[in-house]
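The primary structure of each chain is shown beneath.
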Amino acid sequence: MEMNTGAILTAMVLGVLLTGAASWVVSSLYRRRMLALMRRSPPPDPAQTVAGRQVPFQVRPAATLDLNANQRASWRYLFAVSALSLLIGLTQSVLALLFIYGAELLSVGRALTLGVVYAWPMALTWGLVRRWSWLRTLGAIGLYLLAMLALTLWRSISPQPLTTSLAWLGGLVLMPVVVTLVIGASGRIRAVAPYLLPIFMLLAASSVLALQRMVSGVEDPPAWVIALVGAVGAWPAIVLMALSPWVLLAWPAWALARALARAYRAKRFSDLWYLLAAYWLVVLAASALPSLQGVGWIALTQFIPWLWIPLSAWALRGWLAPRGAPPTLLVLRVFQQDAAVQTLFDRVVERWRLSGNTVLIAGTDLLSRTIDPDDVFTFLNGRLAERFVANETQVAERLRDFDLAPDPDGRYRVNECYCFDSTWQQALAALVAQADVVLMDLRGFQARNQGCRHELGVLATAPRLQRVVLLFDASTDRSTALADLAGAPAGRVVWVEAGRLEQKRVAQIVGALLGAGAAAGSGEVVETAR
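### Points about the pattern of salt bridges
- Per the stated rule, a full pass over the model turns up 22 salt bridges.
- With its nearest N and O atoms 2.6 Å apart, the salt bridge here joins R265 to D374. You can see R265 sitting in helix α9 (residues 234–265) and its partner D374 sitting in helix α15 (residues 373–380), a full 109 residues away along the chain.
- On the accessibility criterion, R265 (44% relative accessible area) is partly exposed.
- What makes D374 buried here is its relative accessible area of 16%.

Pasting the structure below:
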């Protein structure tokens, strides 16, 4: 049993490392391909109208901008995922007391205490939902574990040394945290790695199994193994043995990837709940693997609580479902400011997704925030170019294909329009025609940013927009922007100073988008201290 435990652990570690490496390669190639396609200009089509004409939009019910509804949805969502963590933890604790620690230890008090400890991924969940930085998320996990340390010391049957309790808690947390950091801490791979993880876990397990079979027959190896080692040498033979199952599993792995993409398109799951499921699977594995040595395969009952995730996702659909007609937010920005716009996306747009849809013109700056399973496997299929619009007809077709219905968890998806350099203005006109509210990040804007100046002119004259929220900082050339907005109707444009996106500033931006406060409805410049 010890050998099996070590093999499973090796497969997991190898799968995570392969996932990290493959994700880095895929994300880099994706970014490079995106840039190449964006710079490509297809030949003009004389049958199409000229750039700048409005694409007809579908008539939709008037959208409601409701900040209070957004706040209620945010707290409702946080309560749901926190309760889910407690439910998984309590179920895991009961199973552990029954099958691992000994049924004679089972009591309500012990089950509740152990369940709260096992629910430590709640802190990780808060970080995912609120889009905290990894440093802040690790801090939240640390604070949760300190509270659990005090709880376990208080509730212990017999006095335990502090080092023993610390070692036990560390054993629960160390491997899951390392795995989540490897596949999620880097902004370059955080959107790709979770979707490649099942594939490389499967491939890594097959390699470890093949090597286990090879080692088990080392005392009396088959003739073909002797011949292989004699022909290529020991280490090449080991590498060939490790990689040979990949040939057999290539198609099943690819089928798994395509099934994942189809399930996402069909709204069987949301991006956030997929991450929760992936991380909880790692957490439960970290508890089950050490127990295999002591109690055998019954330790695998520790995976049963994972089933609460799909069951809860199904049961909570109605409670988490949004109410009313969703507004559409168009996000525009000054390009080549990746870190700033990614932070804006994490802190503002992710909150907006509880209220309505988000649309934008695709760019490499937000790849780590907007890429989904369908995007990843469209690229791996070599079909990314089909996403790009080459003329006005294709723009209209792309907008008709936008996924504007909420996910099962009540959050709305981000829809992107992939454009060549020669078609982005047509796409902009169509997106503005569909939008109710625009968030434009003008931090760092200067008169030389001709693309942004064109966007400001379109926003000033668009007939349907309810509000345009413009973010600025000390480096923004506001005089030029105001000149470009000269034709805007009174009350449409709201300026928000956003030199730093601390919590108070984020709340102000979300309030401006959703119509809170007098300033948001009056078109006045919203000034705040830095």
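### Comments concerning the environment of P326
- Position of P326 among the secondary structure elements: in the loop between α12 (317–320) and β1 (328–333).
- The spacing of P326 and Y412 is 86 residues in sequence and 8.9 Å in space, taken between C-alpha atoms.

### Description of the environment of T64
- Turning to its location among the elements, T64 is positioned in the loop between α1 (2–39) and α2 (67–99).
- Residues T64 and G324, 260 residues apart in the sequence, show an inter-C-alpha distance of 7.1 Å.

### Let's talk about the pairing of β1
- Burial of β1 is extensive: six of the six residues sit out of reach of the surface.
- Side chains T328, L330 and L332 of β1 all project onto a buried face; the interleaved residues L329, V331 and R333 project onto the opposite face, where all are buried too.
- As judged from the four bridges shared by β1 and strand β2 (residues 357–361), these two strands associate in the parallel manner. Across the sheet, residue T328 finds its bridge partner in β2, namely N357.
- As for the winding sense of the linkage, the β-α-β connection from β1 through helix α13 (residues 338–352) to β2 is right-handed.
- Note: β1 against strand β5 (residues 437–441), five bridges, orientation parallel.

Rules of the game
- Residues numbered from 1 in each chain as written.
- Predicted model: local features only at pLDDT ≥ 70, side-chain atom pairs only at ≥ 80, totals over all residues.
- Heavy atoms only, no water.
- Salt bridge = Lys/Arg side-chain N within 4 Å of Asp/Glu carboxyl O.
- Helix = DSSP H or I, 4+ residues; strand = E, 2+ residues; numbered from the N terminus.
- Buried < 20%, exposed > 50% of the residue type's maximum accessible area, 1.4 Å probe, protein only.
- Pairing = 2+ DSSP bridges.
- Right-handed = clockwise from strand over helix to strand, strands pointing away.

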